[in-house]
Every structure is written in structure tokens, then in C-alpha cells.
Amino acid sequence: MPWQSRATDLPQLLGLHGGREIFLAACSACHGTQGEGTPQYIAGFEQPDTFPHFNKCDESEGENTRDWTAQVRDGGPKRGNSQIMPAFGSVLNAEQINEVVKYLRSLCTEPAWPPGELNVPRALITDKAFPESEWVLTTALNAQRAPGIANELESENAVGSRSELSVSVPIDWVAQPGGPMFGGLGDVTTGFSHVLFSHLNQGPGPLYGDTGSILALQGQITWATGNAAKGLGAGETQLGAYAMYDLVLPERMFLELQPGGELPLHTYNLPRSVFLNAAFGRSLNQGMGFGRMWVPMVEVTANRNLAPGALTDWDVMPEFEVTLNTRQNVRMALGYLLPVNDTADRPQQVMLYFEWDWADGGLFAE
């Protein structure tokens, strides 16, 4: 088959330089001269569902250079993709692989799409700016005082190059005074976010050199769908707005900032409030920087009601995220929330989430 000959019969690839030259010699038989994909009757195989079209920005720009480098070097199975993608690590050196991956990233010619390197890991509380298509189930369990379980299922759907629609559905269990716990639907939130700015300074390699930033704004409505008398929801519709600003730092470190506020439609029931969430962490990969990813993080949150005499509630949470499959589109995170002040009324909590990036593959992908 053509893809087999390209991987094993071209030792002369070692003498090539320049991403386009290497791509045309080693990759175009399957991927086409512009990354559009070679027709089946020419390539000699049927394209799998995960076959990339590098000239289509909606398929390529959300990807991370590190993942593409891993697949070029070690083959498709390195990221849970088809085995028809061969490994070129024995015929291309590291510099050549970096050159061809950089060329692949240039085949999307629409600058509106934020590059995947700006898609920092997800924190448990702090929202990030990069638009995605995924499902996230977050759970918080009280570790002190009255038992309580808060669950939130969130659907995020990327719209075009820079926007995202989201729906968050809470299902909570709350202890009732002098009685058993009561569970049910809380206040559903619908939101829309849009990226205002993104910029990436690419480093010399896929692992440690990138820096950049991305800024997005979100507006949302929290609907009074819960049973406030049972402690499920606020009992009043609220409007919310916040910014999300993420910094990609050297050595694969990152900083996420999320300032915002909430405004009840009838302020006699609930006070206005403002908040600031921040997360700092670093991505670490096994397998010489290309395998399973572990992300230690720490979050700091501040919340304040805009009412006379109100205090600012501060929390801190150490946490980590880990990828659960080879494709790295299914992840989980675990953290422990520690109130810094007002500890008599605010319990410590164990928090976790399961995240499925469905746009990048199935829930049970390898």
C-alpha cells in the first residue's frame, strides 16, 4: 500500500529540509498536496473517521502541535488514531519532524481560528477562554458539617471559529433541617462566549517553547428552575457576565483569570455579587513529553456580595488533571476546596470532574 512504502522505502528523507519539501515527499501520497486528503482510488485505502484534512481550519486549528508531533514520530496509535498512519521517527530526525508539523499548521489560512496551543487545561472552577465542543460532569461533596452533593452536567458547543454556546444543568442533593436529604434540579444556566483576542508565539519545538494569550467574554442567564425552598437554586433569575484571560507561559506553565459578576433581576431577593477566579498550573507528560498528561494546579477564588458590611470569601484548592485515554480527549480532575475565611459556614469540599471532548473522538476511544 502507498502509506507503507512511504514509511519504509524512503531513507533519502533524511537529506530533506523544509516542511513543504518533506511533506510532499513523505506525506502527500495519502494527505494530498494541500493537506486535503488523497482520493481513495489513488491512495488505495478508505479514509478512517479520524483522517485529518489539514486545510480545513475547523478540523486542524484546535489541535495541539505536541499531538501532531507525536503521531508523525510514533504513528497514529500514539494518539489512539488509525494504524494506517505510519511512524516516521526512524526516517526523519527531530528537526525535520518539527519542520513538517509547522508546515501542516500553516495550511489553515484563516487567522480567526485560535491555535490549539492556547487551549490550556481545564480547572475545576475557573473557566477558560478557548471555545470547545465537550461534555463535562462536575461533582462537589461536602467533607464537613451537613452532607451535600452538587452535580453539574455542562454541554459546550463551539460555534464557528471563536464562539461557544453552553448549557449547565445542576442536579443537587441537600440536607434538610431535621430530615433526610432532598435531591432535584437546580437553576439551569445558558451562556454564550466569544474570543476577542488570541496570539501565539511558537517556540522552536513542541514541548516547552510556546507562549501566548487568549481573551474571551461570556454572558449568561441563570434561570430559576430549582426549588429554592428546598435549597435547590436561588429562586430568582440572574444575569451574569465575565471575562476569561489565559496566559501560556514558558515550560508549559499557564495562568487562567476569570473576573465577573452576577445581577439578580429582582435585587430585593438576592444581592449583586462579583468574583475573581484564578488557576495556575503546569502540564507534564510521560513518554519523553508525548504520553499521558498530568497537570498539577492550584486555584484561588474570591467572592463578594455587593451589600453593606459584606466580606470577601476566599478559597484555595490544590488539584490535578490527568488524561484517561491514549487520544487524550477524556480526562478527569480531582481537588480539595479549602475555605480561607468564614469557615464556620462554608465547608471544605472534595471536587472532581470528568471531561469528554467529543469533537476529538468517542467516549471510549483508545
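Described below are features of the structure shown in this document. Since this is a predicted model, take the numbers as computed values, not measurements.

### Some words on the side chain of glutamine 238
Considering the arrangement of structural elements, one finds glutamine 238 in strand 7 (residues 238-249). Residues contacting glutamine 238, with those up to four places away along its chain left out, are Gln220, Ile221, Thr222, Glu262, Leu263, Pro264 and Leu270.

### Overview of the state of the cysteines
Within this structure, the stated rule accounts for one disulfide. Across the disulfide from cysteine 57 sits cysteine 108; the S-S distance is 2.0 Å. Judged by the sign of its S-S torsion, about 105°, the bond between cysteine 57 and cysteine 108 is right-handed. Placement of cysteine 57 in helix 5 (residues 57-60) and of cysteine 108 in the loop between helix 7 (94-105) and strand 1 (134-142) is noted, with a sequence separation of 51 residues between them. The residues cysteine 57 and cysteine 108 share a single accessibility class, namely buried. The thiol of cysteine 27 is not disulfide-bonded; the next cysteine sulfur, from cysteine 30, is found 8.6 Å away.

### Notes on a nonpolar patch on the surface
There is a patch of nonpolar side chains on the surface, built from Trp135, Leu137, Leu153, Leu324, Phe354 and Trp358 and spanning about 530 Å² of accessible area. Here leucine 153 shows up in strand 2 (residues 148-159).

### Re the packing of aromatic side chains
On inspection of all chains with the given rule, the structure shows five aromatic pairs. For the pair phenylalanine 23 and tyrosine 103, a centre-to-centre distance of 5.5 Å together with 50° between the ring planes defines the contact as tilted. Pair noted here: phenylalanine 23 is in helix 2 (residues 19-26) and tyrosine 103 is in helix 7, with a separation of 80 residues, a long-range link. The pair formed by phenylalanine 23 and tyrosine 103 is uniform in burial state, with each residue classed as buried. Lying across the ring of tryptophan 68, arginine 105 places its NZ or CZ 4.8 Å from the centre.

### Examining unusual backbone geometry
Phi is positive for glutamate 251, which is not a glycine, with a value near 60°. In this structure, glutamate 251 sits in the loop between strand 7 and strand 8 (253-264). Within the chain, aspartate 342 stands out as a residue other than glycine whose phi angle is a positive 50°. Residue position: aspartate 342 is located in the loop between strand 13 (330-339) and strand 14 (349-356).

### Here we look at the packing of helix 2 against helix 7
In contact at an axis separation of 8 Å, helix 2 and helix 7 are set at 90° when each is read in the N-to-C sense. Taken together, the axes of helix 2 and helix 7 are roughly perpendicular relative to one another. Contacts from Gly19, Arg20, Ile22 and Phe23 of helix 2 reach helix 7 at Gln96, Glu99, Val100, Tyr103 and Leu104. Class assignment for the residues of the contact of helix 2 with helix 7 results in five nonpolar, two polar and two charged.

### Remarks on empty space enclosed by the protein
Under the counting rule described, the total for this entry stands at one cavity of 30 Å³ or more. Here the largest cavity defines a volume of roughly 130 Å³. Those elements that place two or more of their residues in the lining of the largest cavity are strand 2, strand 3 (163-175) and strand 7. Looking at the lining of the largest cavity residue by residue, the class counts come to five nonpolar, four polar and eight charged.

### Some thoughts on the packing of helix 6 (residues 65-74) against helix 7
At their nearest, the axes of helix 6 and helix 7 sit 10 Å apart, and the two run at 125° to each other. For the element pair helix 6 / helix 7, the angle class is oblique. Crossing of helix 6 over helix 7 shows right-handed handedness. Facing helix 6, whose interface residues are Thr65, Trp68, Thr69, Val72 and Arg73, helix 7 presents Ile97, Asn98, Val100, Val101, Leu104 and Arg105.

### Details of the pattern of salt bridges
All chains considered together, the criterion is met by 13 salt bridges. A salt bridge links aspartate 74 to arginine 73; the nearest nitrogen and oxygen atoms lie 2.8 Å apart. Among the salt bridges present, the one from glutamate 154 reaches arginine 122, with a minimum N-O distance of 3.1 Å. With a gap of 32 residues between them, glutamate 154 in strand 2 and arginine 122 in the loop between helix 7 and strand 1 connect regions that are remote in the sequence.

### Digging into the nonpolar core
One finds Leu118 and Ile214 to be the most contacted residues of the largest nonpolar core, which totals 18 residues. The contact partners of leucine 118, leaving out residues within four places of it in the chain, are Phe130, Ser198, His199, Leu200, Gly212, Ser213, Ile214 and Val248. With 17 residues, the next largest nonpolar core counts Leu16, Phe23, Val100 and Val101 among its residues.

How each quantity is defined
- Residue indices follow the written sequence of each chain, beginning from 1 at its first position.
- Where local features are concerned, this predicted model is filtered to residues with pLDDT of at least 70; where side-chain atom pairs are given and counted, the filter is 80 or more; whole-chain, interface and lining totals use all residues.
- Based on all heavy atoms of the structure, the side-chain values leave hydrogens and waters out of the count.
- Secondary structure elements follow DSSP: runs of H or I no shorter than four residues count as helices, runs of E no shorter than two count as strands, and numbering proceeds from the N terminus.
- Any two residues having at least one pair of non-hydrogen atoms within 4.5 Å are treated as being in contact.
- Only a pair of cysteine sulfur atoms within 2.5 Å counts as a disulfide in this structure description.
- For every residue, the accessible area obtained with a 1.4 Å probe (protein chains only) is divided by the maximum for its type, and the residue is called buried under 20%, exposed over 50%, and partly exposed between those limits.
- Note on patches: the residues involved have over 30% relative accessible area and no salt bridge, like charges join within 9 Å, and the nonpolar side chains Val, Leu, Ile, Met, Phe, Trp and Tyr join within 5 Å.
- Under the convention used here, a 1.4 Å probe and the Shrake-Rupley method define accessible areas, while residue burial counts only the protein chains that appear.
- Note on definitions: salt bridges are taken to be side-chain nitrogens of Lys or Arg within 4 Å of carboxyl oxygens of Asp or Glu.
- For Phe, Tyr and Trp, rings pair up if their centres lie within 6.5 Å, where Trp contributes its six-membered ring, and each pair is then called stacked (planes under 30 degrees apart), edge-to-face (over 60) or tilted (otherwise).
- By the criterion adopted, a ring carries a charge over it if an Arg CZ or a Lys NZ lies within 6 Å of its centre and within 35 degrees of its normal.
- Axes here mean lines fitted to C-alpha atoms, for a helix over just the part in contact, with angles spanning 0 to 180 degrees between N-to-C directions.
- Roughly parallel means an angle under 35 degrees; roughly antiparallel, over 145; roughly perpendicular, 65 to 115; everything else is oblique.
- Basically, the charged four are Asp, Glu, Lys and Arg, the nonpolar ten are Ala, Val, Leu, Ile, Met, Phe, Trp, Tyr, Cys and Pro, and anything else, Gly included, counts as polar.
- Here a cavity means grid points, on a 1 Å grid over the protein atoms only, where a 1.4 Å probe fits yet cannot get out; a pocket means an open set of points with protein on both sides within 12 Å along at least five of seven lines; lining residues are those with an atom within 4 Å of a point.
- Grid points are joined across faces, edges and corners, and a volume is the space filled by probe spheres set on the points.
- Two helices crossing with the near one rotated counterclockwise from the far one by less than a right angle form a left-handed crossing, whereas a clockwise rotation gives a right-handed crossing.
- Throughout, nonpolar core names a set of buried Ala, Val, Leu, Ile, Met, Phe, Trp, Tyr and Cys residues whose side chains join them through atoms within 4.5 Å.

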